[in-house]
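# Topology and contacts: notes
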Amino acid sequence: MSSAKRKRTKKVDLNEQFVQNENFRYTVKLIEEKRQAKNSSICWNYFGYIYRNDVLFDDNHYYCSICVPQTFSARYVKVNSTTPMLNHLSTRHDINVTPVEQALARVDSTSSSTSTNKKTVLARQIALWVSRDLRPFSTSSSVGFQQFAINTGIIKNINELPDERTIAGSALNDVYLVLEHALKEKLKSIDTVFTLMTDIWTDNVGNRPFINISIQFMTKDMKIEKALLTTQYMERPHTGTKIAEVIEKTLNYYEIHQKYYLVCDGAKNMDAAFNSLVNCIRRLNCEAHIINSILSADLEKSQAYKNTCSEVMKKIKKIHGSIVYRLHELKSIFEAEQTKDIISYINEWENYLQDQILSDEEVGIDNDEILKNIFNDTTKEMPAFNAFKKENATRWNSKLSMIKSFMSNINAINMCLAKLNHTDLCLTADEIENIIPVQELLNTFESSLKVLQTSAEPTTNLILLFRNAIKNKISDYIEKEKPNSALWSDILSSTEKRFTPHKEYLLASILDHAQCRSNFVAKTCEDYGCTPLDIINEFLELYDFQRSVSNDSVEINESQTQNITQELSPVMNAKLSLLMEIEGTEEEIIVNSIEDEFNKYLALSLKTPRSADVLTFWINNQNELPNLTKLARIVLSLSPTSSECERSFSLAGVLLNKQRASMNPTKARKAILINANYNLVSSIFETKK
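We now turn to the structure provided with this report. (Residues numbered from 1 in each chain as written. Predicted model: local features only at pLDDT ≥ 70, side-chain atom pairs only at ≥ 80, totals over all residues. Heavy atoms only, no water.)

## Overview of the overall build of the chain
Looking only at helices and strands, the chain features 28 helices and nine strands. Carbon and sulfur atoms provide 48% of the accessible area of the chain, an area that totals close to 35,000 Å². (Helix = DSSP H or I, 4+ residues; strand = E, 2+ residues; numbered from the N terminus. Areas by Shrake-Rupley, 256 points an atom, 1.4 Å probe, with all protein chains shown as cover.)

## Regarding the sheet that holds strand 3 (residues 55-64)
Here we have four strands laid out as an open sheet, ordered 1-2-3-4, and antiparallel in their pairing. The sheet is open, and its two borders are formed by strand 1 (26-30) and strand 4 (75-77), each paired with just one other strand. Along the sheet, successive strands turn relative to each other by an average axial angle of 55°, direction set aside. Both strand 2 (residues 47-52) and strand 3 contribute to a ladder of five bridges, which runs antiparallel. Of the residues in strand 3, the one forming a bridge with Gly 48 is Tyr 63. (Pairing = 2+ DSSP bridges. Axes fitted to C-alpha atoms, helices over the stretch in contact; angles between N-to-C directions.)

## Examining the environment of Lys 389
For Lys 389, the position within the fold is in the loop between helix 14 (367-381) and helix 15 (396-408). As for Lys 389 and Val 324, which are separated by 65 residues in sequence, their C-alpha atoms are 9.5 Å apart. Leave out the neighbours within four places in its chain, and Lys 389 touches His 320, Ser 401, Met 402 and Ser 405. (Contact = heavy atoms within 4.5 Å.)

## Overview of the environment of Ile 291
Along the chain, the position of Ile 291 falls in helix 9 (residues 287-301). Placed 106 residues apart in sequence, Ile 291 and Asn 397 show a C-alpha to C-alpha distance of 9.5 Å.

## Things to note about the packing of aromatic side chains
Tallying each qualifying case throughout the model produces 17 aromatic pairs. Ring centres of Tyr 49 and Tyr 62 lie 5.8 Å apart, and the angle between their planes is 20°; on these two criteria the pair is classed as stacked. Highlighted residues: Tyr 49 in strand 2 and Tyr 62 in strand 3, separated in sequence by 13 residues. The class of Tyr 62 is buried, set by a relative accessible area of 3%. Pairing Trp 201 with Phe 649 gives two aromatic rings, centres 5.6 Å apart and planes at 20°, and the pair type is stacked. In this pair, Trp 201 is assigned in strand 5 (residues 194-202) and Phe 649 in helix 27 (residues 643-655), connecting sequence segments 448 residues apart. The burial state of Trp 201 is the same as that of Phe 649; both residues are buried. Ring pairs connect the aromatic residues Trp 201, Phe 210, Tyr 233 and Phe 649, which therefore count as one cluster. The cationic tip of Lys 29 hangs over the ring face of Tyr 51; the distance from NZ or CZ to the ring centre is 4.7 Å. Between the NZ or CZ atom of Lys 184 and the centre of the ring of Tyr 253, over which it lies, the distance is 4.1 Å. (Phe/Tyr/Trp six-rings, centres within 6.5 Å; stacked < 30°, edge-to-face > 60°. Buried < 20%, exposed > 50% of the residue type's maximum accessible area, 1.4 Å probe, protein only. Lys NZ or Arg CZ within 6 Å of the ring centre and 35° of its normal.)

## Things to note about the packing of helix 22 (residues 532-542) against helix 26 (residues 626-635)
Running from N to C, helix 22 and helix 26 point in directions that differ by 75°, and their axes come no closer than 11 Å. Overall, the two elements helix 22 and helix 26 adopt an arrangement that is roughly perpendicular. Here Ile 536, Phe 539 and Leu 540 of helix 22 lie close against helix 26, whose contacting residues are Asn 627, Leu 628 and Leu 631. (Parallel < 35°, antiparallel > 145°, perpendicular 65-115°, else oblique.)

## Overview of the sheet that holds strand 6 (residues 209-218)
With respect to topology, five strands assemble into an open sheet ordered 7-6-5-8-9, the strand pairing being mixed. Either end of the sheet is taken by a strand with one partner, and the two such strands are strand 7 (224-233) and strand 9 (280-285). Taking the axes of each pair of neighbouring strands and ignoring which way they run, one obtains an average angle of 20° across the sheet. As paired elements, strand 5 and strand 6 share eight bridges and run antiparallel to each other. Looking across to strand 6, one finds that Trp 201 is bridged to Phe 210. The sheet contacts of helix 28 (residues 665-676) involve strand 6 and strand 7, and relative to strand 7 the element is tilted by about 170°.

Shown next, in the form of structure tokens:
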């Protein structure tokens with residue numbers, strides 16, 4: 001049939017379906033459950049069901065409340081999609097929504113398990129999944145996943161699965177916009193000074209540079225919060241001006257205007273960036289980067305290290321290179337040697353039992369049971385296999401990992417070298433003796449500083465404590481004139497030069513009830529030529545705080561002390577052990593002339609166990625110590641390291657692998673942000689029952 005002969009359907013005027021009679025009054029009532037729903041679309045402020053004389057007349061369509069009763073043409077079939085209604089508001093009434101609002105509306109319309117647009121639901125869920133697990137966007141195209149989806153009843157045929165371009169395009173963008181919106185809402189709670197962490201990283205595959213910006217702050221209820229703001233591609237050259245522009249643009253985008261500290265490495269371009277930032281109070285060097293400089297660059301520059309250890313470390317690296325393709329044999333050799341040791345040990349005990357233990361009939365002892373217990377105890381104490389690792393120049397602890405893994409596998413490594421006819425690489429007894437002091441030195445730093453990179457609890461109050469603990473351990477080693485003490489002396493000098501605590505860290509120790517009366521805190525104040533009160537007044541002025549008035553008296557009761565029977569965190573255990581090393585059980589107050597509020601603080605700290613959580617202490621005493629609580633909320637929330645940036649770069653390294661070397665940086669940025677901040681949108685994307 002030709003198009004000319006086709007029968008055309010007459011367009012029905014919807015107004016004809018309604019009796020235009022003044023006896024009938026038509027109104028549109030908005031659907032309250034949709035308006036009040038989480039992430040509700042803006043269209044539900046204008047669309048609802050139509051009523052005739054307050055009686056529901058049509059609930060199969062949505063009507064525009066602006067158009068009715070002048071016209072009834074603005075009606076839409078009752079479906080989950082809000083796009084037609086949003087288009088109507090935009091074209092007819094000039095009511096527009098932002099891309100974020102549109103994304104929220106789309107997500108809300110497809111979050112129901114009864115949604116007719118199942119492919120759209122799957123697209124967003126897959127985009128969320130691949131971002132969380134850093135999987136390829138082509139997941140829905142893989143044969144295994146398609147068969148899995150069919151076998152489990154997710155779909156009935158392959159055509160119901162979304163296309164890869166949809167997942168990596170509109171679906172990923174919707175998830176990203178929703179998360180970005182949730183992140184902005186969260187960051188609105190920032191009402192005080194916060195920490196901004198930044199670093200630049202280059203991926204190993206495409207050699208593309210990325211800048212990371214993360215944030216850490218403390219809420220009003222004294223909880224430390226953190227979030228990743230961006231991990232984005234940054235064109236070279238990485239000048240201080242460009243870095244500052246990216247930081248300012250990111251903060252303005254998230255509408256963050258409070259003052260902040262910048263935590264970064266000691267590069268000159270970061271110095272230049274700090275000088276260009278508007279609201280940045282001070283730049284704090286990342287303590288992890290400082291430690292890396294001490295135990296990498298400074299260690300290798302030490303003449304004592306060059307004389308005794310440098311060649312040995314090079315030899316260990318050469319050993320790793322020689323057996324790098326035979327590393328799988330190390331475990332087999334290691335386990336075989338352990339088995340020989342166990343058999344030899346049991347045989348010795350069996351002979352001992354035959355000579356020394358009376359027969360079963362005389363004493364009722366089962367020799368087999370004794371041997372079984374000996375075997376179990378021996379195997380429990382045996383070290384587990386530790387893979388032979390290689391040093392990474394950017395991580396100081398990788399040098400320690402290499403030495404540890406070498407020493408734990410030295411017999412298996414020597415046997416492996418013998419099989420390869422490389423016995424010339426086996427370390428001599430003197431060479432092994434030379435690297436033991438290096439291992440002990442690195443262990444000293446690791447045991448003292450392993451908890452600094454946590455962000456779940458305050459760690460700024462540990463910087464001063466750890467610095468003194470390290471200095472004491474190194475000094476004790478030198479005084480005992482142990483092997484290679486000259487190397488330890490060089491590292492001690494480097495530590496004193498580089499590892500100088502900022503005043504913020506001194507204030508954090510003063511505001512830690514477990515440390516405020518310690519000798520090393522008083523000594524550090526003397527080094528700065530001030531008293532704790534001077535430090536407190538200096539920061540009250542720096543933060544421009546108005547002095548609050550507290551009560552004249554303070555009563556100590558049980559509610560103001562924490563129950564110390566609870567399980568202590570790794571941070572608290574480390575702090576208590578280091579305090580015992582440095583201070584013992586000394587409780588002497590060494591500060592005499594302090595204002596009333598500080599005196600109250602000292603009195604309260606005397607009544608509070610050292611094991612009590614520092615944040616709980618300030619929550620319980622914030623009414624009595626209003627000025628000090630303001631300071632504690634800032635300095636205890638600071639991050640002494642930029643470890644959050646390193647974690648994000650680890651995610652980027654997994655995402656930007658050889659199989660995705662050409663991945664668009666924008667898609668990578670969105671996937672990484674979703675991965676790092678998933679907790680903000682987990683409830684939004686849960687399937688509604």
